Number of protein chains: 4
Amino acid sequence: MCRWLAYSGSPVLLEDLLFKPENSLVVQSKHSRLGVETINGDGFGVGWYGAQQTPGIYHSIEPAWNDRNLREISAHASAGRVFAHIRATTGTAVQQTNCHPFRHGRWLWMHNGAISGFPLLKRDLAVAVEPRLFPEIEGSTDSELFFFLALTFGLEKDPPKAIARAVGLIEETGRRHDVQYPIQMTVATTDGETTWAFRYSSEGHSRSLFHSADVSTLRLQYPDHPMLHELSDDSRLVVSEPLGDLRGAWREVPESTCLVVQGVREELREFSPASAG
Amino acid sequence: MCRWLAYSGSPVLLEDLLFKPENSLVVQSKHSRLGVETINGDGFGVGWYGAQQTPGIYHSIEPAWNDRNLREISAHASAGRVFAHIRATTGTAVQQTNCHPFRHGRWLWMHNGAISGFPLLKRDLAVAVEPRLFPEIEGSTDSELFFFLALTFGLEKDPPKAIARAVGLIEETGRRHDVQYPIQMTVATTDGETTWAFRYSSEGHSRSLFHSADVSTLRLQYPDHPMLHELSDDSRLVVSEPLGDLRGAWREVPESTCLVVQGVREELREFSPASAG
Amino acid sequence: MCRWLAYSGSPVLLEDLLFKPENSLVVQSKHSRLGVETINGDGFGVGWYGAQQTPGIYHSIEPAWNDRNLREISAHASAGRVFAHIRATTGTAVQQTNCHPFRHGRWLWMHNGAISGFPLLKRDLAVAVEPRLFPEIEGSTDSELFFFLALTFGLEKDPPKAIARAVGLIEETGRRHDVQYPIQMTVATTDGETTWAFRYSSEGHSRSLFHSADVSTLRLQYPDHPMLHELSDDSRLVVSEPLGDLRGAWREVPESTCLVVQGVREELREFSPASAG
Amino acid sequence: MCRWLAYSGSPVLLEDLLFKPENSLVVQSKHSRLGVETINGDGFGVGWYGAQQTPGIYHSIEPAWNDRNLREISAHASAGRVFAHIRATTGTAVQQTNCHPFRHGRWLWMHNGAISGFPLLKRDLAVAVEPRLFPEIEGSTDSELFFFLALTFGLEKDPPKAIARAVGLIEETGRRHDVQYPIQMTVATTDGETTWAFRYSSEGHSRSLFHSADVSTLRLQYPDHPMLHELSDDSRLVVSEPLGDLRGAWREVPESTCLVVQGVREELREFSPASAG
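Treat the numbers as computed from the prediction; the structure is a model and nothing was measured. (Residues numbered from 1 in each chain as written. Chains lettered and ligands numbered in written order. Predicted model: local features only at pLDDT ≥ 70, side-chain atom pairs only at ≥ 80, totals over all residues. Heavy atoms only, no water.)

J.: Honestly, the overall build of chain A in this entry has me stumped. Any pointers?
T.: Within chain A, the regular secondary structure consists of eight helices and 13 strands. Relative to its length of 277 residues, chain A is compact, with a C-alpha radius of gyration of 18 Å against a globular reference of 19 Å. C-alpha extents for chain A along the principal axes are approximately 55 × 40 × 35 Å. Counting across all 277 residues of chain A, residues that qualify as buried make up 64%. In chain A, of all internal contacts separated by at least 6 residues, the share reaching a separation of at least 24 is 68%. Carbon and sulfur atoms provide 50% of the accessible area of chain A, an area that totals close to 10000 Å². (Helix = DSSP H or I, 4+ residues; strand = E, 2+ residues; numbered from the N terminus. Rg over C-alpha atoms; globule rule 2.2 N^0.38 Å. Buried < 20%, exposed > 50% of the residue type's maximum accessible area, 1.4 Å probe, protein only. Contact = heavy atoms within 4.5 Å. Areas by Shrake-Rupley, 256 points an atom, 1.4 Å probe, with all protein chains shown as cover.)

What follows is the structure, given as structure tokens:
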């Protein structure tokens, strides 16, 4: 399993997200509080929207706590939209092409969780990927294949609907192979403008997911907290686990929910799988 | 493109194969004489049959000339059957799961060449892989997929026939996608007892392939050459390019040929693709 | 801080030492029970005496639990003398030249602990290294420098005396720089014939160190334990922490002690620093 | 030996320096035209002045042509001052701490060439480093030690003088050890405001070094060349070898010369070693 964060808002240095918080993602790579594994040391990745249309990605197979280049890049790159992910493999190889976030054009994707019985289901799922997209699959993870299924079902047009159909297909395929609970997921995806985050699992007992409270509310609550005053009103974090203990700063995303973050607007929608057919 | 060697015979230290020859594979990694690329610096791999039923493999993404661990392992591991490969990627990622030799049970496989238009053909070829084998594919190369096609067509029972059918399928698939010359290959495979080596290309202009002359003949020719006297009569090398300039030591494997090496017996057979249907 | 093991006795596969025990070194790399850090994920190393006079070493900057090559090598290399070490850096870079065991000729050396205030002391200690040996220092750790001090003081002739003088110098140098407790150490070194292990710290509160009980006694105690019957009588392990819960199998090495293991003979001697002058 | 470039001027994307030129540094990593080695595949590094006082550095042990992260970072980071270096080791380990540029505070340093007989001279040179700076040495190269000698002799106050004294010391030390030509060098260093580049060798036959012609002159010469019109007048490159064949664009830096680039001002001064005493 893994841990991730999705940030959008005022441009910030990557290190403000990845290193400085008390329970930062780099801290979590060694000592996750809420994860299935306390160690997420099987590589990591960062995606950020900078000078280009296409976001940049940095993938590494070293544990995040060890990577000097991550520290350097984080101290020098700032962005208004950042995806970051630390990995604890469920068996597939530790290699850069298995590191999240995955990218397709302007889109980024990251996943915590697993497709159960993935070796059993892999071929059926791979065959369902749009033939034109198939050769772009570079790694061997369930997470990347899930991304390509979502792309196949129209992620770039209607993310919640495409992901509902991808999850529907995974559950149908799993059940056909006698897998009781085929999917466990928190997922984040973005086109660089809007972030969609999903919390769902076939067994109805999903990995943790939180989003940050409204910055203006927090400012009233903590008038002396300098960082909160530097952030624009539309700054938001969606995270696998809170980055610190600031009371009132974190709200749990409910089970079977899709959270949409677009500028200052945040919306929680019910999420359920759809038939892929 | 790539370079490789396949050794069978008296147990030798890996360094005697990989480092000591004048034009050793490690030398070739920087300065190949006959390769399409002079540099084969995109990772390498070694497979050897040792203490276990299953051969050991060592894969690295560093250039072979740089890898200190390769030097150490080569100085301490000896084996009577060794496959070694240096890689020059034709585009797929430099990662351990893309390094040759590939392994399935007791079988090893390595390839120099390419499937032309691979992104176009990849899905059709992947779908042809036996579903039971499909989830074992770990990397993203044409070479590994070719191996799984050969396994699908019965490599473990009749290698020349299985490979003929795999090549047949690749050529049919390629032509369906308007690829003029779908395959370029020298391939080596072994079950730990016999080595099969193939030289073939759709255009009839294949990468170089050589095999060593009979050791007993060489001993007569070079009575003062110490190394030749240490080797047993059944010691054989099959290589992408000669490891040195010893006159008479290397014979070119003809185009469209399968070379079978089993103990002292060596056989050259004509090779041509078979219909995969 | 780190964890290590030193084995001598009947030739065993490396995997029997590194992977198979319940609390194997690879398990400890993620979940050390007695270490200062539970995670020892900052690289590792193995040294083994095989075909050559000089032992082989394999160093990696990946966490031991992730390294596929370690698994392969461990399944195929067997040796009658093995040193293995997992690293948790106290600040110096994660790079192969900082991985233990360190080697000089036939000698191996590994260390758990630290020289306190190392940046302050480093130059004075480096200058004390025999000029002829100085250019062989490849990494930046306190542990390697400690090794070169021991070599300077005659490790190859009288290890306990050389190490006593090296520790004496480290303590004198530390105190001159107002470091209260200059050294914390468990150290193992071998020439391929004898293993010397040391447990000492300036504050008299040293990291844990254990050695295995006599195999013949264990056999009487566990008549049905197959592994114990395969090992020769002189098989011994010295470890940072027990590899399992077999009652009676592990004895703590006392504080300020040097343990000498040579064939079936084991000797505990008092250890105290000597003046380096 | 190695290849490097030093850029100052209008902010540019790193990829415009590292990937886009016809004979870019990444091209040179595989096929250097003027280098002692055609392959510079033993790691590389980039330093750039961005958001912080201190420049960022990215070091990698992979060949530059293979590193996907370099491509990503280069497409997203822009800077008005960039140092980049590709390495061909003369024997020391391929590890990040041996990659150039080296950094101390706001200063960067990179070197092509070698200190001859370095193992012989290393200890004497290391002892000459200011004790306060000594523990900052992280790698094992002659180039980094040369940097620390220059810092010891006042690099931060008067770079040409400090480097003259460092070179003086290296030559005196070398001659004491019977090394005929102790140093071969092109060096670049910067404090983020000014770049100093040096071409010198004890034998008076130094590695190649070029600087770009005045941009305004080039614009007159090539009125239709778009890139030249985007660059500010003070944009300058100093390089081991020209990045392309634009006639008149590159001038050789003479032997025994220090080139100072500060804004639009460029100055060539004679350089000769000074007594270090």
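J.: Quick question: what am I supposed to make of the sheet that holds strand β13 (residues 265-270) of chain D here?
T.: Backbone hydrogen bonds are what pair the strands of a sheet, in a parallel or an antiparallel way. All names here are of chain D. As summarised here, the arrangement of the six strands in space is β5-β6-β7-β8-β12-β13, forming an open sheet in which the pairing is antiparallel. Two strands lie at the open edges of the sheet, namely β5 (102-104) and β13, each paired on one side alone. Here the strands of the sheet are splayed against their neighbours by 15° on average, with no regard to which way each runs. Taken together, the eight bridges between strand β6 (residues 107-115) and strand β7 (residues 183-190) define a ladder with antiparallel strand orientation. Paired with H111 across the bridge in β7 is V187. (Pairing = 2+ DSSP bridges. Axes fitted to C-alpha atoms, helices over the stretch in contact; angles between N-to-C directions.)

J.: Sorry if this is basic, but what is going on with the packing of aromatic side chains here?
T.: The geometry of an aromatic ring pair is captured by the separation of the ring centres together with the interplanar angle, meaning the angle of the planes. Going through the model one piece at a time under the given rule, you end up with 30 aromatic pairs over all chains. With a centroid separation of 5.6 Å and 70° between ring planes, the pair formed by C:Y200 and C:F271 is classed as edge-to-face. Taken together, the residues span a long stretch of sequence, with C:Y200 in strand β8 (residues 195-201) and C:F271 in the segment after β13 (265-270) at a distance of 71 residues. For the residue pair C:Y200 and C:F271, the accessibility class agrees, reading buried in each case. Here the aromatic rings of D:W107 and D:W196 are separated by 5.7 Å at their centres, their planes lie at 15°, and the arrangement is stacked. Here D:W107 is found in strand β6, whereas its partner D:W196 is found in strand β8 (residues 195-201), with 89 residues between them in sequence. (Phe/Tyr/Trp six-rings, centres within 6.5 Å; stacked < 30°, edge-to-face > 60°.)

J.: Honestly, the pattern of salt bridges in this entry has me stumped. Any pointers?
T.: Pairs can form between side chains of opposite charge once their charged atoms are near each other. Evaluation of the coordinates by the stated rule reveals 64 salt bridges over all chains. Where B:R269 meets B:E267, a salt bridge forms, and the shortest distance between an N and an O atom there is 3.1 Å. The exposure class of B:R269 is partly exposed, given its relative accessible area of 34%. Judged by its relative accessible area of 35%, B:E267 is partly exposed. D:E15 serves as the salt-bridge partner of D:K20, at 3.5 Å between the closest nitrogen and oxygen. For D:E15, a relative accessible area of 16% puts it in the buried group. (Salt bridge = Lys/Arg side-chain N within 4 Å of Asp/Glu carboxyl O.)

J.: Whenever I open this one, the relation of the copies chain A and chain D confuses me. Can you help?
T.: One copy of the chain maps onto the other through a rotation about an axis followed by a shift along the same axis. In the superposition of chain A on chain D (RMSD 0.0 Å, axial shift 0.0 Å), the rotation amounts to 180°. Put plainly, the chains are arranged around a two-fold axis. Closest approach to the rotation axis among the C-alpha atoms of chain A is made by A:A77, whose C-alpha sits 3.7 Å away. Interface overlap between copies: 100% of the residues of chain A at the interface are likewise at the interface in chain D, consistent with a symmetric, same-surface contact. (Least-squares fit on C-alpha atoms with pLDDT ≥ 70 in both.)

J.: Hey, could you run me through the interface of chain A and chain D in this one?
T.: One frequent convention defines the size of an interface as the accessible area lost when the parts assemble. Across the contact, 22 residues belong to chain A and 22 residues belong to chain D. Of the roughly 1700 Å² buried between chain A and chain D, counting both surfaces, carbon and sulfur atoms make up 42%. Scanning the region where chain A abuts chain D turns up four salt bridges. In this structure, D:R68 engages A:E138 in a salt bridge whose closest nitrogen and oxygen atoms are separated by 2.7 Å. Counting across the chain A and chain D interface gives 14 residue pairs in polar contact (both at pLDDT 80 or more). (Buried area = accessible area lost by both parts, 1.4 Å probe. Polar contact = N/O pair within 3.5 Å; in protein donor to acceptor, adjacent residues only side chain to side chain.)

J.: Mind showing me how you'd approach the packing of helix α4 (residues 118-128) of chain D against helix α5 (residues 142-152) of chain D here?
T.: Helix-helix packing is characterised by the crossing angle of the two axes and by the distance between the axes. All names here are of chain D. Following both chains from N to C, one finds α4 and α5 inclined at 30°, their axes separated by 10 Å at the closest point. In terms of their interaxial angle, α4 and α5 are classed as roughly parallel. Two packed elements cross with a definite hand, and for α4 against α5 that hand is left-handed. Mapping the contact onto sequence places F118, K122, L125, A126 and A128 in α4 and D142, L145, L149 and T152 in α5. (Parallel < 35°, antiparallel > 145°, perpendicular 65-115°, else oblique. Left-handed = near helix turned anticlockwise from the far one by under 90°.)

J.: Please clarify how the nonpolar core should be interpreted in this entry.
T.: The nonpolar side chains of a soluble globular protein tend to be buried, and buried together. The biggest cluster of nonpolar side chains holds 122 residues, and the ones touching the most others in it are A:L18, B:L18, C:L18 and D:L18. In contact with A:L18, not counting residues within four places along its chain, are A:L5, A:S24, A:L25, A:V26, A:V46, A:L70, A:S74 and A:A84. (Core = buried A, V, L, I, M, F, W, Y, C linked by side-chain atoms within 4.5 Å.)

J.: Is there a simple way to think about the relation of the copies chain C and chain D in this case?
T.: Rotating chain C by 180° about the axis while translating it 0.0 Å along that axis superimposes it on chain D, leaving an RMSD of 0.0 Å. When you check the interface residues of chain C against chain D, 100% turn up at the interface there too, and the contact is symmetric in its surfaces.

J.: Before we go on, may I ask you to explain the environment of C:V167 in this structure?
T.: Residues and elements named next belong to chain C. Mapped onto the secondary structure, V167 falls in helix α6 (residues 159-176). C-alpha of V167 to C-alpha of P182: the two residues are 15 residues apart in sequence and 9.0 Å apart in space. Excluding anything up to four places from it in sequence, V167 contacts F146, I183, M185, Y200, F271 and P273.

Coordinates in, geometry out; function isn't part of it.
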